[in-house]
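Okay, here's what each chain looks like letter by letter:
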Amino acid sequence: MTGYERYSKIRESRGLKDKNVADAIGITRSTFSDWKSGRCAPKLDKLTKIANFLQVSLSDLTGKPMVILEYGDDKRIKQVSLDKPINVETTTLKAK
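Residues numbered from 1 in each chain as written. Predicted model: local features only at pLDDT ≥ 70, side-chain atom pairs only at ≥ 80, totals over all residues. Heavy atoms only, no water.

**A few points about unusual backbone geometry**
Worth spelling out the cut-off: Only DSSP runs of H or I reaching four residues or more are called helices, and only runs of E reaching two or more are called strands; each is numbered from the N terminus. Remark: exposure states derive from per-residue accessible area (1.4 Å probe, protein chains only) relative to the maximum for the residue type, with buried under 20%, exposed over 50%, and partly exposed in between.
Although it is not a glycine, Gln 55 adopts a positive phi angle of roughly 60°. Here Gln 55 lies in the loop between helix 4 (44–54) and helix 5 (58–62). Of the residues examined, Gln 55 reaches a relative accessible area of 37% and is grouped as partly exposed. At Lys 75, a position not held by glycine, the phi torsion is positive, near 70°.

Dropping the structure here:
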């Protein structure tokens, strides 16, 4: 399953279209069109905006495990964790 397909399943579970997501977070609809066609994938900053808007993790959106680093006030790594993606094909998705 491609990243766009994962995103589409999550987006559709929220009753949204690309236009809704694009308008809400200030990303052009061509970003989604390029992503869907496989010409390119959104950069991390755009993926983060999309994930935040859909209330899912980056792992859920990309389908790839992500390492999460949490920093303390002293700018040292306080905690490292692995975020595993949900299975969008078998999971009923609801807003968190």
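Alright, that's what it looks like, and here's the rest.
**Looking at the environment of Glu 70**
Worth spelling out the cut-off: Two residues qualify as a contact provided that any one of their heavy atoms is within 4.5 Å of a heavy atom in the partner residue.
The residue Glu 70 is located in strand 1 (residues 66–71) in this model. Between the C-alpha atom of Glu 70 and that of Val 56, which follows or precedes it by 14 residues, the distance is 18 Å. With sequence-adjacent residues up to four places away left out, Glu 70 is seen in contact with Arg 76, Ile 77, Lys 78 and Gln 79.

**Let's talk about the nonpolar core**
Here is the rule: Grouping buried Ala, Val, Leu, Ile, Met, Phe, Trp, Tyr and Cys residues that are joined through side-chain atoms within 4.5 Å yields what is termed a nonpolar core.
Tyr 7, Phe 32, Trp 35, Ile 50, Leu 54 and Leu 61 are the most contacted members of the largest nonpolar core, which has 16 residues in total. Within the residue set of this core, elements represented by two or more residues are helix 1 (3–13), helix 2 (18–25), helix 3 (29–37) and helix 4. If you tally residues by element for this core, the top one is helix 4, at four residues. Among residues more than four places away in sequence, those in contact with Phe 32 are Tyr 4, Tyr 7, Asp 18, Val 21, Ala 22, Ile 27 and Ile 50.

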